[in-house]
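Observations on the three-dimensional arrangement
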Amino acid sequence: MVELEDIFYIPVRDKYLVYAPLKRVVALVNLKALRQIKEQLQTDSPALGEVESLLERLRLQGEPIPVPRTGTLDDPLFLGIIPTRGCNLACRYCDFAAPKQTSPVMDIQMVKNGVDAYLDLLTSVGKKRAEIHFFGGEPFYAEKVVHFAVEYARLQGAAAGIKIHFEAATNGIYNEARCRWIANQFDTIVLSLDGPADIQNCHRPAINGKDAFNIVTRSAHIFSESPLELIIRACVTSDTVERLPEIAQWISKEFRPSAVCFETLKESSLSREAGFEVPTPLAFARNFINAAQILERSGIEAVFSTADLRNNRASFCPVGKDALIISPDGTVDACYLLPEDWKRSGLNMQLGQLNGASFEFDWDTLQQVRQLVVQNKPLCTDCFCRYHCAGGCHITNATSGLPGQYESACVQTRLVTIALLLREIGQEKLVEEWLSDSEALAVSAHQSSDRLFKEAKK
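All values reported here derive from a predicted model rather than from experimental measurement.

Here we take up the overall build of the protein. Secondary structure summary: the protein contains 15 helices and 14 strands in total. The globule rule puts the C-alpha radius of gyration for 458 residues at 23 Å, and the 23 Å found for the protein is close to it. Each principal axis of the C-alpha distribution contributes one length, and for the protein these read about 65 × 50 × 40 Å. Each of the 458 residues in the protein was classed as buried or not, and the buried ones make up 57%. Restricting to contacts in the protein with at least 6 residues of sequence separation, those with at least 24 account for 72%. Put simply, the protein shows about 19,900 Å² of open surface, and 50% of that area lies on carbon and sulfur atoms. Side chains of the protein carry 48 positive and 57 negative charges; the gap between the two charge centres is 2 Å.

Here's what the structure looks like:
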């Protein structure tokens, strides 16, 4: 008997997109074929006619449903280090409330203890690969801390036979010597760069109010010429959404990233004060797809995080995957956002703390955080995006509503995901027609349940 859970259908104009994410099946059919597929799957009757091949694929064993982690914490996703919440930019939409210039900086002994605790944990279970990620604020605003962490971790990792992957999220604002050191020492850099000079200088001025565009683009060029993987992250507002194709063209001409991650504005007090607004889901979907086509011609991937089709997942982000993120005060958290942000959402992300060169975990909190998965998000129950979006950010996305009561962020994700799935099966023309048909878009985006079978037959 074929498992019927997690087979979805989405109307796209006069056709239907059939999607089974756990089976890696995507197909476009008409209404007659859709009805035939449903009947033959329900009755286990032999596959017949034009849908025979598709039915055979739908009847294959799929991937396991992504589930929460269980047991002891012995395989962290990565070690995160927040050297400081401080920053040398004054981004006009920043949602970090920490003081820019007076935030605490992590003590070097704290860095040493954190690296030792992490490598000891990996060694105890025979792991030979590690990942250390740096977050902020701007991590390189505390450049001595990052420098020590990388050099010390590389030395200790080599002694333990552990290869370390270094990654950082950064604004690119540092001198050329520091930039070249980063290019030589890091494996992946996620660089915030919103677009050409007028956009970047408007969105992300330096803390002294001056333009910082020339510095960050110099960094982007250095990273592009180095062996590291460069990922560019661009924040998109209602003012810049129509310029995404232009931004994509500019990036592909100037730099050599592996991917460009376009993320829509998250509202904050600063963004409201600056008059920035979130783009409409339709405007973002249309322009994201156009930008993706431009980037792909240069071998660059376009990414929208909640519509990332590469892997099925139970949690959108590192939360719930045993990532260990150390703050300057030595607390060990599951999330890099500020504690006040968690608390406003009624969540506790503090997994424990460093005690000398050891982790002390709060096991009850760890288990609670591990349960922040899509299966526990009512809004996502019947959505075809559930194993890619997984409900989005646990802090900023409200997912406690009834199935089908989609918010604007959900609609945005649904539209982009449909377009990407259609492009995956070569339906470029249909994507263009569908994105120009407001009525059809509304039907696709607001279908209350995408499940082909409301109650799956076991």
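From this point, the discussion proceeds with the structure in view.
Turning next to helix 12 (residues 363-370). Those residues of helix 12 not exposed but buried are Thr365, Leu366, Val369 and Arg370. Take helix 12 and look down its axis: the buried residues cluster within an arc of 135°, on one side only. Those residues of helix 12 that are exposed and aimed more than 90 degrees away from the buried face are Asp364 and Gln368. The backbone nitrogen of Asp364 has a side-chain oxygen 3.1 Å away, supplied by the residue at the start of helix 12, namely Asp362.

Another aspect to go through is the nonpolar core. In this structure, Phe134, Phe186, Phe262 and Phe359 are the most contacted members of the largest nonpolar core, which totals 136 residues. Not counting chain neighbours up to four residues away, the residues in contact with Phe262 comprise Ala234, Val236, Leu244, Ile247, Phe284, Phe288, Ala291, Leu295, Val303 and Phe304. Of all hydrophobic cores here, the second largest spans 19 residues; its members include Tyr9, Leu55, Leu58 and Phe453.

Within strand 9 (residues 259-264), six of the six residues are buried, which leaves the element mostly enclosed by the surrounding structure. Taking every second residue as pointing to the same face, both faces of strand 9 are buried, with Ala259, Cys261 and Glu263 on one and Val260, Phe262 and Thr264 on the other. Two elements, strand 8 (residues 229-236) and strand 9, share six bridges in a ladder whose sense is parallel. Counted as the bridge partner of Cys235 is Glu263 from strand 9.

Glancing now at the sheet that holds strand 9. If you walk across this open sheet you meet the eleven strands as 10-9-8-7-6-5-4-11-12-13-14, and the pairing is mixed. Pairing within the sheet leaves two strands with one partner each, and these edge strands are strand 10 (301-303) and strand 14 (358-361). Averaged over neighbouring strand pairs, the angle between their axes works out to 25° when direction is ignored. Where strand 13 (residues 350-355) meets strand 14, four bridges bridge the pair, whose relative direction is antiparallel. Bridge pairing links Asn355 to Ser358 in strand 14. Sheet strands in contact with helix 7 (residues 213-224) are strand 7 (188-192) and strand 8, and its direction is about 155° off that of strand 7.

Turning our attention to the packing of aromatic side chains. One pass over the full model with this rule turns up 19 aromatic pairs. Ring plane angle 5° and centroid distance 5.0 Å describe the contact between Phe135 and Tyr336, whose orientation is recorded as stacked. With a gap of 201 residues between them, Phe135 in the loop between strand 5 (129-134) and helix 4 (143-160) and Tyr336 in the loop between strand 12 (331-333) and helix 11 (339-344) connect regions that are remote in the sequence. Take Tyr336: its relative accessible area is 35%, and that puts it in the partly exposed class. In this structure an aromatic cluster arises from ring pairing among Phe134, Phe140, Phe166, Tyr174, Trp181 and Phe186.

This part is about the pattern of salt bridges. Under the definition given, this model contains 24 salt bridges. A salt bridge links Glu301 to Arg310; the shortest N-O distance between them is 3.2 Å. Among the residues examined, Glu301 registers a relative accessible area of 31% and is labelled partly exposed. Classification of Arg310 as partly exposed rests on a relative accessible area of 45%. Between Arg451 and Asp382 there is a salt bridge; the shortest N-O distance is 3.1 Å. Taken together, the residues Arg451 in the segment after helix 15 (438-446) and Asp382 in the loop between helix 12 and helix 13 (408-424) connect sequence positions 69 residues apart. Comparing Arg451 with Asp382 shows no difference in burial state: the two are buried. Residues joined by salt bridges that share partners form a network here, namely Asp6, Asp382, Arg386 and Arg451.

Looking down a regular strand, the side chains alternate between one sheet face and the other. Covered by surrounding structure in strand 14 are Phe359 and Phe361 only, the residues Ser358 and Glu360 on the alternate face being uncovered. The antiparallel pairing of strand 13 with strand 14 creates a hairpin that spans two residues between the two strands, and Gly356 there sits at a positive phi of about 65°.

Cut-offs used in this document
Residues numbered from 1 in each chain as written. Predicted model: local features only at pLDDT ≥ 70, side-chain atom pairs only at ≥ 80, totals over all residues. Heavy atoms only, no water. Helix = DSSP H or I, 4+ residues; strand = E, 2+ residues; numbered from the N terminus. Rg over C-alpha atoms; globule rule 2.2 N^0.38 Å. Buried < 20%, exposed > 50% of the residue type's maximum accessible area, 1.4 Å probe, protein only. Contact = heavy atoms within 4.5 Å. Areas by Shrake-Rupley, 256 points an atom, 1.4 Å probe, with all protein chains shown as cover. Lys, Arg positive; Asp, Glu negative; His and termini not counted. Charge placed at Lys NZ, Arg CZ, Asp CG, Glu CD. Arc of directions from axis to C-beta. Polar contact = N/O pair within 3.5 Å; in protein donor to acceptor, adjacent residues only side chain to side chain. Core = buried A, V, L, I, M, F, W, Y, C linked by side-chain atoms within 4.5 Å. Pairing = 2+ DSSP bridges. Axes fitted to C-alpha atoms, helices over the stretch in contact; angles between N-to-C directions. Phe/Tyr/Trp six-rings, centres within 6.5 Å; stacked < 30°, edge-to-face > 60°. Salt bridge = Lys/Arg side-chain N within 4 Å of Asp/Glu carboxyl O.

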